[in-house]
Amino acid sequence: MYGKDILAIAAGDVDTGMLRLIQGVTSAGAFILPPLILSWTERKYGINYFGDYKNASVQLILLTVVIMFVSSPFLEWTIRINQNMHLPEFLRGLENWMREKEDQLENMTKQLLTMNSISDFLINLLIIALIPAIGEELVFRGGVQNIFSRWTGNYHLGIWIAAILFSAIHVQFFGFIPRMLLGALFGYLFVWSRSIWIPVLAHFINNGTAVTGAYFLQRKGKSLEELDKIQDNSSPYMVVVSIVFASLILWAFYTYRTKTNLIDEQNG
């Protein structure tokens with residue numbers, strides 16, 4: 001389609017259209033098909049990897065949207081903390097390699113987020129927000145988390161093991177902590193809601209907000225660096241408020257789903 005071979009791709013000699021194609025096909029093939037096949041083959045054992053879509057009630061959907069926006073200042077604060085972390089002096093070579101990988105992925109992300117039209121924006125929503133949200137949640141919450149929860153007999157361990165693997169697979173070391181926390185949040189939303197579509201929605205909001213912010217900044221003639229400056233402006237007061245309100249809404253989510261499950265069991 002683009003007249004490039006695999007060596008050109010490895011060397012980074014790709015245009016934005018080709019990069020989007022690779023991103024979309026890879027995400028769909030590596031993250032959506034395998035867990036669907038796993039779920040299909042395990043049906044005979046009565047294992048439900050993805051929960052019941054009917055559990056994604058309007059109330060839980062609204063709470064999920066609020067949770068994602070309210071927790072944003074706290075997550076942005078953890079990003080700043082993580083980015084400013086340094087390894088001991090004897091690991092300077094490792095840190096330099098990690099920074100180099102981080103810069104490479106950052107450059108690729110900026111290339112993907114360069115949008116000159118509404119069609120670019122819609123394509124990016126598909127390949128950066130929607131497909132990864134579905135695929136990564138099917139793999140990590142539906143598959144990995146469920147598997148480790150069964151192996152350990154503890155859903156908390158399953159959630160955090162999946163969250164660590166979820167963050168590690170992105171190979172972005174200076175964003176490891178916030179991505180791990182996001183993975184844990186998605187994991188608890190999945191367990192409490194009993195529906196994979198709730199963490200998919202949360203994941204989509206997280207990625208889609210970044211894509212939307214980048215698009216409208218560029219529409220105003222501003223650079224993508226302005227997005228980082230906006231995200232870095234969260235005050236300590238906002239971070240504390242974010243933690244308090246996100247905790248309260250998470251508690252409301254948990255108690256609502258617990259009461260609903262109890263009523264379902266009594267009626268069931």
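Residues numbered from 1 in each chain as written. Predicted model: local features only at pLDDT ≥ 70, side-chain atom pairs only at ≥ 80, totals over all residues. Heavy atoms only, no water.

(A) Broad picture of helix α2 (residues 16-42). Its 27 residues give α2 an end-to-end C-alpha distance of 39 Å, which sits within 8% of 39 Å, the value for a rise of 1.5 Å per residue. Within α2, the full set of buried residues consists of Thr16, Met18, Leu19, Arg20, Gly24, Ser27, Phe31, Ile32, Pro35, Ser39 and Glu42. (Helix = DSSP H or I, 4+ residues; strand = E, 2+ residues; numbered from the N terminus. Expected span 1.5 Å × (residues − 1). Buried < 20%, exposed > 50% of the residue type's maximum accessible area, 1.4 Å probe, protein only.)

(B) Fine view of the environment of leucine 21. With respect to the helices and strands, leucine 21 occurs in helix α2. On the accessibility criterion, leucine 21 (35% relative accessible area) is partly exposed. The spacing of leucine 21 and isoleucine 127 is 106 residues in sequence and 8.3 Å in space, taken between C-alpha atoms.

(C) Local environment of the packing of aromatic side chains. Per the counting criterion, the structure on display carries 14 aromatic pairs. Between tryptophan 192 and phenylalanine 253, the ring centres sit 6.5 Å apart and the planes meet at 45°, which makes this aromatic pair tilted. Residue tryptophan 192 is located in helix α8 (residues 176-193), and its partner phenylalanine 253 is located in helix α11 (residues 236-267); the two are separated by 61 residues in the primary sequence. Classification of tryptophan 192 as buried rests on a relative accessible area of 17%. Put simply, the rings of Tyr155, Tyr188, Trp192, Trp251, Phe253 and Tyr254 pair up and form one aromatic cluster. Residue placement shows arginine 99 over the ring face of phenylalanine 174; its charged tip is 3.6 Å from the ring centre. (Phe/Tyr/Trp six-rings, centres within 6.5 Å; stacked < 30°, edge-to-face > 60°. Lys NZ or Arg CZ within 6 Å of the ring centre and 35° of its normal.)

(D) Summary view of the packing of α2 against helix α5 (residues 92-112). As a packed pair, α2 and α5 sit with axes 9 Å apart at the nearest point and diverge in direction by 105°. The angle between the axes of α2 and α5 places the two elements in the roughly perpendicular class. Contacts between α2 and α5 involve Thr16, Leu19, Arg20 and Gln23 on the former and, on the latter, Met108, Gln111 and Leu112. (Axes fitted to C-alpha atoms, helices over the stretch in contact; angles between N-to-C directions. Parallel < 35°, antiparallel > 145°, perpendicular 65-115°, else oblique. Contact = heavy atoms within 4.5 Å.)

(E) α8, seen in detail. For α8, with 18 residues, the first-to-last C-alpha span of 26 Å sits near the 26 Å given by 1.5 Å per residue. With 14 of its 18 residues buried, α8 lies for the most part within the structure.

(F) Structural context of the side chain of serine 149. As for its placement among the helices and strands, serine 149 is situated in helix α6 (residues 118-152). Among the polar contacts made by the side chain of serine 149, one reaches the main-chain carbonyl oxygen of glutamine 145 at a distance of 2.7 Å. Among residues more than four places away in sequence, those in contact with serine 149 are Asn154, Tyr155, Gly158 and Ile159. (Polar contact = N/O pair within 3.5 Å; in protein donor to acceptor, adjacent residues only side chain to side chain.)

(G) Up close: the nonpolar core. Among the nonpolar cores identified, the biggest contains 19 residues, and Ile67, Met68, Leu189 and Phe253 are the most heavily contacted of them. Counting only elements with at least two residues in this core, the list comes to α3 (58-70), α7 (155-168), α8, α9 (197-219) and α11. Among the elements that make up this core, the one with the highest residue count is α8 (eight residues). The contacts of methionine 68, once residues within four sequence positions are left out, are Leu182, Leu185, Phe186, Ala202, Ile205 and Asn206. Grouped together as the second largest cluster of nonpolar side chains are 12 residues, Leu19, Leu112, Phe121 and Leu125 included. (Core = buried A, V, L, I, M, F, W, Y, C linked by side-chain atoms within 4.5 Å.)

(H) A look at a nonpolar patch on the surface. Taken together, the side chains of Val240, Val244, Phe245 and Leu248 define a hydrophobic patch exposed on the protein surface, amounting to about 380 Å² of accessible area. Mapped onto the fold, phenylalanine 245 is located in helix α11. For phenylalanine 245, a relative accessible area of 46% gives the class partly exposed. (Patch = residues over 30% accessible without salt bridge, like charges linked within 9 Å, V, L, I, M, F, W, Y side chains within 5 Å. Areas by Shrake-Rupley, 256 points an atom, 1.4 Å probe, with all protein chains shown as cover. Salt bridge = Lys/Arg side-chain N within 4 Å of Asp/Glu carboxyl O.)

(I) Examining the pattern of salt bridges more closely. Enumeration according to the criterion identifies four salt bridges in this entry. Salt-bridge contacts for arginine 20 lead to aspartate 120; the nearest nitrogen and oxygen are separated by 3.3 Å. Highlighted residues: arginine 20 in helix α2 and aspartate 120 in helix α6, separated in sequence by 100 residues. When sorted by exposure, arginine 20 lands in the same class as aspartate 120, which is buried. Notably, a salt bridge pairs glutamate 89 with arginine 92, separated by 2.7 Å at the nearest N-O pair. Its relative accessible area of 56% is what places glutamate 89 among the exposed residues.

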